[in-house]
Amino acid sequence: MNNEYTVGQYLVDRLYELGLRHLFSIPGDYTLDWVDGYVVPSKIEIISEVNELNAGYAADGYARQKGQYGIGALCVTYSAGALSAANPIAGAYVERVPVVLINGAPSIKRTLEFEQTGLSAHHFISGRQTDLQVFEYITAAAVRIDSPHLAPMLIDYALTQCITERRPVYIELLEDIVDLKCDRPKGNLTPAKAISDAKILEKSIDTVKSKLDSAKPESAKSPLIWLGVEVDRFGLEKQAESLIKELNIPYVTQLMSKAVLSENDPHFMGVFDGMASSDAVQDLVNKSDFILALGVWLTDINTVGWPPDIDKTAFVSLDTIKFGTYFGAQVSLEDFIAGLRAAGVRRRDQALPQMPKGGGFKLNLGDKINYQGFYDFISRYITDKTIIGSDASMNYFGTLLLKVEAARGYFAQPSYSSIGYIAPAATGICLAKDADQRVMVFTGDGGYQMTALCVATQTRYGLNPIIFVIDNGVFAVEQWLADATVFSNSNAPFKEGLRVHRCFYSKMADVVGCKGYRVETFGELENAMTDALANRSSPSIIQVVVDDPKSIPKNAEWKESIDAKLRAASHPTKIRGLGIPTTVNEEAG
Ligand SMILES: Cc1ncc(C[n+]2csc(CCOP(=O)(O)OP(=O)(O)O)c2C)c(N)n1
Ligand SMILES: [Mg+2]
């Protein structure tokens, strides 16, 4: 053992090695020795957060923006702090985001005292297992560092799991362990690769090749590639882009993988998200006779109202392929893409489908803002340097159709969908982005109320996201899910409990010292945008008053007629969720 080196230093050096340059932190006496003694003197900057929920979302946004092999991290105190971070860690687990949660824990002495004499130390719930057991369920590795001898092995194991699984990990660091001596790091940490079975890989490639190669009789006439979220999470964007270009096949993305490549690409047809997609994209998916889905996740919010057609779709994900009745195990997505590129598939000599261009709408600057008009208007401010983010709200629909030219330029949490995510995630995105990029995030008023003080952190560190709070005074999506007919009937009341207290969100600027604007008309929005874009030194909150709470984005209106049918068929209890048309037709007769 080398006597010059400590556990605290070991953890800092490994985090730095994995690209961490900012650590989101809420102080606590159990973490102070590590933060003060090791993080402060290091090249990792501490970003003091307002609460653990925001810290978790900021670390998530940071890790997403860093991309391949990048990580995010937060440091909190035992139970009282850590349990507040359970929600963002669960979100990172579901959405495969590599976040390291460092939890400062009471010393061995305090632990034994509590367990064996009953003398409790602050934050203890029921002894050494509580936090560890909670996080075991929602992390790819959960370790408790209570021995300097085991520390290097446990830290390396947890961090390797983090970059391999692209999922959060939990490191519980006892306060009295950080200064104890341990070995120095050996070598660099690298992610473990998914292993392919050579024979099954070859058979899987042949199966898909026969559908794509125009020389083969069974080949598809109108194939389509569906680029999914794993292409982003496992850093396969460049390989996927080359495959698309080499084969000359059009592609769509998911909401989860929106803008994984620049949406300026001629092969890009749009985001496919079931009934929320544009008519042209739905038509294209319908007419296509073979879909190669690369790393696609099937979730209700990412396939709204559409049962996937498994007969014509080959799903290649992480380490398996499923196509009709064919199942191939141990086929890594990376090896599959590489293998297909090398398989000599004949390039398609075909004109790419021409999709209708957006625009053509007319807005008067004096008009009051509605949900759709807002998105039509805001599209003109998005450049190839703009990063877009959406919270779980009607903004999913609005942002889905915005053209995002920056590759990896769209952020949302549309599988886990915890409201209040995007505004604090913007803190992390801003810290990790390129200097010439600008972050614009869109949240509902209900979501913003959950994590509103993120602007304090952003102001403190001179970050300049533009945060649009769509102030419609209602948890609109919840009403939309429960019964969307209410939106087209001006007399129908919202369900009990769905009204959001109307706040003066723009005045948050006075509270924390940033910029704030309250806009009701397109003209006011235009002025606010000019000012906010010029403000480079602090966040800008733009409170967008949508006076009519019944106003929703156009691509969400389809559900009204489905729910109306269900109503007519007197199935009121079924008016819930993301209605699947075939079921609805059967049920509604
Ligand atoms: C943490 C959390 N609590 C509750 C929900 C349930 N939920 C989903 S969408 C939504 C309403 C969002 O309302 P708002 O932010 O005002 O956006 P709008 O739908 O009005 O555009 C709620 C409460 C959730 N997804 N996450
Ligand atoms: Mg709302």
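Given the structure is predicted, the values throughout are model-derived calculations rather than measurements.

Criteria and cut-off values
Residues numbered from 1 in each chain as written. Chains lettered and ligands numbered in written order. Predicted model: local features only at pLDDT ≥ 70, side-chain atom pairs only at ≥ 80, totals over all residues. Near = placed C-beta within 6 Å. Nonpolar A, V, L, I, M, F, W, Y, C, P; charged D, E, K, R; others polar. Pairing = 2+ DSSP bridges. Helix = DSSP H or I, 4+ residues; strand = E, 2+ residues; numbered from the N terminus. Axes fitted to C-alpha atoms, helices over the stretch in contact; angles between N-to-C directions. Domains from an automatic or database assignment. Contact = placed C-beta atoms within 7 Å. Parallel < 35°, antiparallel > 145°, perpendicular 65-115°, else oblique. Left-handed = near helix turned anticlockwise from the far one by under 90°.

Honestly, the site of ligand 1 in this entry has me stumped. Any pointers?
As a structural note, the neighbourhood of ligand 1 is formed by 20 residues, with Ser 393, Met 394, Gly 444, Gly 446 and Ala 476 the closest of them. Each residue belonging to the shell around ligand 1 can be placed in one class, and the counts come to nine nonpolar, nine polar and two charged.

Quick question: what am I supposed to make of the sheet that holds strand E12 (residues 320-323) here?
To summarise the sheet geometry, strands pair through backbone hydrogen bonds and adopt either a parallel or an antiparallel arrangement. Ordered by their spatial adjacency, seven strands build an open sheet running E9-E8-E7-E10-E11-E12-E13, and the pairing between neighbours is mixed. Each edge of the sheet is formed by a strand with only one pairing partner; in this case those strands are strand E9 (268-271) and strand E13 (326-329). Across the sheet, the mean angle from the axis of one strand to that of its neighbour is 15°, orientation sign disregarded.

Is there a simple way to explain the sheet that holds strand E4 (residues 99-105) in this structure?
Pairing within the open sheet is parallel, and its six strands lie in the order E2-E1-E3-E4-E6-E5. Unpaired on one side and paired on the other, strand E2 (45-48) and strand E5 (141-145) mark the two borders of the sheet. Neighbour-to-neighbour, the strand axes of the sheet open up by a mean angle of 20°, direction not taken into account. Of the pairings in the sheet, the one linking strand E1 (residues 22-25) to E2 comprises four bridges and is parallel in character. Bridging from a neighbouring strand, His 22 pairs with Glu 45 of E2.

Can you help me understand the domain arrangement of the protein chain in this one?
The parts lose accessible area when they come together, and the size of an interface is often stated as this lost area. Domain annotation for the protein chain reports domain 1 (7-174), domain 2 (198-341) and domain 3 (371-556). Relative to domain 3, the C-alpha centre of domain 2 lies at a distance of 31 Å. The interface is formed by 19 residues belonging to domain 2 together with 18 residues belonging to domain 3. For the side of domain 2 that touches domain 3, the per-class residue count stands at nine nonpolar, five polar and five charged.

I'm lost on the packing of helix H3 (residues 52-66) against helix H15 (residues 422-432) in this one. Help?
For any two helices packed against each other, one specifies the crossing angle of their axes together with the interaxial distance. Contact geometry of H3 with H15 gives a least axis separation of 6 Å together with a crossing angle of 40°. Classified by the angle between their axes, H3 and H15 sit oblique to one another. Relative to H15, H3 is oriented so that their crossing is right-handed. For the pair formed by H3 and H15, the contact residues are Asn 54, Tyr 57, Ala 58, Ala 59, Asp 60, Gly 61, Tyr 62, Gln 65 and Lys 66 on the first element and Pro 424, Ala 425, Ala 426, Thr 427, Gly 428, Ile 429, Leu 431 and Ala 432 on the second. When the residues that make up the contact of H3 with H15 are grouped by side-chain class, the tally is ten nonpolar, five polar and two charged.

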